[in-house]
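# Structure assessment
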Amino acid sequence: MVTRLESVDVVLVGFGWTGAIMAEKLTDAGLEVLAIERGPWRDTPTHFPTTFAQDELRYYWRHGMFQETAQDTLTFRNNRSQTALPMRRWGSFLPGNGVGGGGVHWNGQTFRFLPSDFVARSHNEERYGPLLEDMTVQDYGVTYDELEPHFDYFEKICGISGQAGNVRGEFIEGGNPFEGERSDHYPNPPLRMTFSQDRFAEASRQLGLHPFPGPAANMSRAYVNPLGVHLAPCTYCGFCEKFGCGNYSKSAPQTTIIPVLMRRNNFRLKTNAEVLTVQQTPDQSMASGVTYLDANGEEYFQPADIVVLCAYPLSNTRLMLLSGIGEPYDPETGHGVVGKNYCYQVMSGVDIFFEDEYTNEFVGAGALGMIVDEYNGDNFDHTGLGFIGGAYIGCWTTHARPIESHPVPEGVPSWGSEWKKAVRENFLKHTSLSVHGASMAHRTNYLDLDPTYTDRLGRPLMRMTYDFTLNDRRLTQHITPIAEEIARGMGGREITVNHRRGSYDSMPYQTTHNTGGTIMGSTPVDSVVNRYCQSWDLPNLFITGAGLFPQNAGYNPTGTVAALAYWSAEAIVNQYLRTEGPLVQA
Amino acid sequence: MTDGNPNIPAIGVVAFVAALGGTDIIAQELNYTQIERGRYLATAGNCVACHTDIENDGIPFAGGRGLETPFGIIYSQNLTPDDETGIGHWTRDDFYRAMNEGVDRHGEHLYPAFPYVYFTIVTREDVDAIYEYLRTLEPVQSVVPENELPFPLDVRQSLLGWKTLFFEEAEFVPDPDQSEVWNRGRYLVDGLGHCGACHTGKNALGGDQEDEYLRGGTLENWYAPNIRGGLNGGISHWEIEDIVDFLGVGRARHTAPMQRMGEVVGLSTQYLTEGDLEAIAVYLKSLDDRAPEVPDPVDEDRYQAGKAIYFDNCAACHAADGSGVPYIFAPLDGSNKVTAEDPSTMLRVILGGAKAEPTDLAPGPLAMPPFAWKLTDEQIADLASYMRQAWSNSAGAISPDAVADMRAYLEEHR
């Protein structure tokens, strides 16, 4: 028995960053908006106050903030010759859950993709000729310049701490000389760097590189955002990623947008309610609303004039597949689009151990770091290298949390008294560099519905088929040694290089940057949504999130995810509401 | 929806009101301006806070909120123009008598939980405007519970004696030696604002003590701090704009309104004009106070223990030197709640936490987390004693017993 509810103007599926962004813009335009969130309500004072926010056992080890695999998980395999098995405990990535989503427990590294990242196929083909075989890389259909005002607004909503490198064409010493032209500076100055960043910057400069502070959603000072919400200065406690911030110092939907939304009469939120399908009108020309299940197992149909998918990319893709919207991608023929171009991030790094000097990495913040961008995107000449894209190399001091972090040099046993001794000696004298590599789309990496395994409701789990590609391997092989060279210049006793070799392993944590599956593009043949993130099939269905990325760039995704959500919201308000039809003719 | 939000929704204005009271000449007052003025004045008086059963999401102005007094629980009256249960049959004269004399339409004495002790100075013109506004509300049939008072207080006639002692029917008389702004400020503070209801110390019978005027008072186990702004006053270090920020924005350099005062700012003062807020500030800033007594020094062991506890638990937000983060985390150096003679509010906030009131201009969810589960009575006594003598603060030590009492009270009133 499905209870039919009264229709609303807009229903949002999922209430993390993009849900909050959409809700804010659409309620501001006078629409009645209902957000449906699978997880619980969460706010700073109640759910992660300073008195227990830093509970490592609860949040790191027991995954207090994340989606529970008992509720929903996925199956994984490296390639089509294997049988995918369910992930029963998260490893390589940690999907969020609850109000605020991943925005609650992120680090706050808030980059803008490069202008060339948005035109990855046309730009690289023009400069280097055809891409490697089977690379399904494509242009976004929207340009950096079009997104610029939205990047800028999100940075102001978040109070990003950083140093601009290019404001209206004027290059500024100390910023990223490669970044796209900005209309304005960051709203807050960079965070205060520590010993490790100073060494990294010095060593980078020795190599002729241009280090700049990582753009941080951790506050370098007290800040009031354009919506009137206060954020407090970061205390550098080192509990960002996997944790909520009890100090109001990390931008999250909770600390920037939700407090304003909850005061608006035309906004409503339903928590602990899981959307099951997007429904279509009988002629399959429009979305008619969504069905969802509440905590009592009651099923409801929520009609809506506009449906926006704001869940995590993996969930958005699965919802599309389960709802039968759009043609599922077939890696054999290359036809179909839903589930296509699943991409990730190609991570490697270097550990550096000092002898007499203290790094004191427990003084950290999620986005406290110095970065060099010389080897990112198309900031360097790829001629003859056999790959496209790149990586930033960064020295982040995010934390030294005692349960999670006890780096020891190579050769130390992994347990016992020798290990303990090494932990004791190195705990305060370690830092690391991270190489944050792009992940380029390939014909054989994709998402579809698993033929065997089902969730608690008997619905197929989503299946991920993924491995690093030739482009990925060449990329990381080329750039990791550069990080190694910088690390050698930092004056440590010894270093350990952590290469990214072999097949993708879904267990060791790498990053929660799962992209693609509901990609955007210029034609319905190669994308799920158009340049305004509007479904090619159902014009009143919009999709947000990193699932839109046709391929992933060498940066953390949130800045670009947010800019795309604002861009799409603007298109809904300024264009869609007038025509209520496709904003791009197929 | 999720968390209970105490916001009162906007109130629709009923265009036509059937039962207009009395036979006065009314045509002129029934215009838009008069009703608007009445709405504004009702907001200044924060009528809605007591006359709405906020805890149970009651209908605005329909009454039924239980007000905890030292003598028992008194339930507020339905102010909507319902004939049976509201003030439908009340005339403007009836209404003025209630505000001015503290008696109802039948001449019965009203309990001073309805603060007519203050409202008595409100001008007839202003009271009439409020009356006109209340007539525009949709009539709501709402029977409020019987007051929970012991004999003989449950007999309204018993109030006569109280009124003889502590109430004087009055009209506002401007002080010609003071500015117009100052006089406006005093009119608001002493009249509709009824600030003294919380901020003035009471005698055993609940009457205002004249020599305690706005020097702080205790109500429902909250200590409403000293708000005199002149020499030695509790907010002598606040500037006029700080007071305006506190009342108008809901965030000031020194602190944010929380709990009961949060309600006042959230429902009332944030909607007042800047001019009126400035007038209130000017008046408060003119009130000097007695020099504080010099307390005995805190025992050194206790001071050092408190300092360590402070550093571990408090310094990340309130800063090691007590300077806080202005507009966000209250500076504790110079705080009128930390150094108050009655430490109730400080102890209560440490034990039970407190949320800053979200306002239109400052919607953020700032809150102080509770420490009852984390710190013992002894530790909180150490901490509180330290803070009372750290930095420029100068107030006496706090005993673990005082903490234990507050802890017991909070457990009882969870």
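### Here's the deal with the overall build of chain B
The helix and strand inventory of chain B stands at 16 helices and six strands. Taken over C-alpha atoms, the radius of gyration comes to 22 Å for chain B, in line with the 22 Å a tight globule of 414 residues would show. The C-alpha extent of chain B, read off along each of the three principal axes, is 75 × 45 × 45 Å. The burial tally for chain B puts 47% of its 414 residues in the buried class.

### With respect to the packing of helix 3 (residues 92-101) of chain B against helix 5 (residues 124-135) of chain B
Residues and elements named next belong to chain B. Following both chains from N to C, one finds helix 3 and helix 5 inclined at 120°, their axes separated by 10 Å at the closest point. The orientation of helix 3 relative to helix 5 falls into the category oblique. Relative to helix 5, the crossing made by helix 3 is right-handed. Seen from helix 3, the contacting residues are Arg92, Phe95, Tyr96 and Met99; seen from helix 5, they are Arg124, Val127, Asp128 and Tyr131.

### Things to note about the domain arrangement of chain B
All names here are of chain B. Assigned domains of chain B: these are domain 1 (31-143 + 153-166), domain 2 (180-285) and domain 3 (300-412). Computed over C-alpha atoms only, the centres of domain 1 and domain 2 are separated by 22 Å. Between domain 1 and domain 2, the residue contacts involve 21 residues of the former and 19 residues of the latter. Every element with two or more residues in the side of domain 1 that touches domain 2 is listed here: helix 1 (32-44), helix 2 (47-50), strand 1 (66-69), helix 4 (116-119) and helix 6 (159-166). Grouping the amino acids of the side of domain 1 that touches domain 2 by side-chain chemistry returns 16 nonpolar, four polar and one charged.

### Points about the sheet that holds strand 21 (residues 460-465) of chain A
In sheet architecture, strand pairing relies on hydrogen bonds along the backbone and comes in two forms, parallel and antiparallel. Residue and element names in this part refer to chain A. One open sheet accounts for four strands, arranged 5-4-21-20; its pairing is mixed. If you trace the sheet from one side to the other, it starts and ends with strand 5 (85-86) and strand 20 (446-454), each paired once. Pairing between strand 4 (residues 74-77) and strand 21: four bridges, direction parallel. The residue bridging Arg77 from the neighbouring strand is Thr465, located in strand 21.

### Considerations on the nonpolar core
Membership of the largest hydrophobic core comes to 256 residues, with the highest contact counts inside it found for A:Leu12, A:Val13, A:Ile36, A:Val308, A:Ile393 and B:Ile280. In terms of residue count, helix 12 (residues 558-579) of chain A provides more of this core than any other element does, eleven residues in total. For A:Val13, the residues in contact, after removing those within four places along its chain, are A:Ile36, A:Val275, A:Val290, A:Val308, A:Leu309, A:Cys310, A:Ala311 and A:Leu319.

### Quick word on the interface of chain A and chain B
Taken together, the contact pairs 24 residues of chain A with 24 residues of chain B. Looking at the side of chain A that touches chain B, the elements with two or more residues in it are helix 2 (44-47), helix 8 (258-261) and strand 11 (267-270) of chain A. For the side of chain A that touches chain B, the per-class residue count stands at 13 nonpolar, eight polar and three charged.

### A word on the pairing of strand 13 (residues 287-293) of chain A
All names here are of chain A. With five of seven residues buried, strand 13 is to be regarded as a mostly interior element. Taken together, the six bridges between strand 12 (residues 274-280) and strand 13 define a ladder with antiparallel strand orientation. Looking at the pairing, Val278 lines up with Val290 of strand 13. Pairing analysis gives five bridges linking strand 13 to strand 14 (residues 299-309), with the strands arranged antiparallel. When the bridges of strand 14 are listed, Tyr292 appears paired with Tyr300. With antiparallel pairing between neighbouring strands as the criterion, strand 13 and strand 14 make up a hairpin whose turn holds five residues, including Gly297 at a positive phi of roughly 80°.

### What to know about the environment of A:Tyr140
All names here are of chain A. Its location among the elements puts Tyr140 in the loop between helix 4 (120-128) and helix 5 (144-158). C-alpha of Tyr140 to C-alpha of Ala120: the two residues are 20 residues apart in sequence and 8.1 Å apart in space. If we skip the residues at most four places from it in the chain, Tyr140 touches Phe118, Met520 and Pro550.

Definitions and limits used
Residues numbered from 1 in each chain as written. Chains lettered and ligands numbered in written order. Predicted model: local features only at pLDDT ≥ 70, side-chain atom pairs only at ≥ 80, totals over all residues. Helix = DSSP H or I, 4+ residues; strand = E, 2+ residues; numbered from the N terminus. Rg over C-alpha atoms; globule rule 2.2 N^0.38 Å. Buried ≥ 20, exposed ≤ 12 C-beta atoms within 10 Å, placed from the backbone. Axes fitted to C-alpha atoms, helices over the stretch in contact; angles between N-to-C directions. Parallel < 35°, antiparallel > 145°, perpendicular 65-115°, else oblique. Left-handed = near helix turned anticlockwise from the far one by under 90°. Contact = placed C-beta atoms within 7 Å. Domains from an automatic or database assignment. Nonpolar A, V, L, I, M, F, W, Y, C, P; charged D, E, K, R; others polar. Pairing = 2+ DSSP bridges. Core = buried A, V, L, I, M, F, W, Y, C linked by C-beta atoms within 7 Å.

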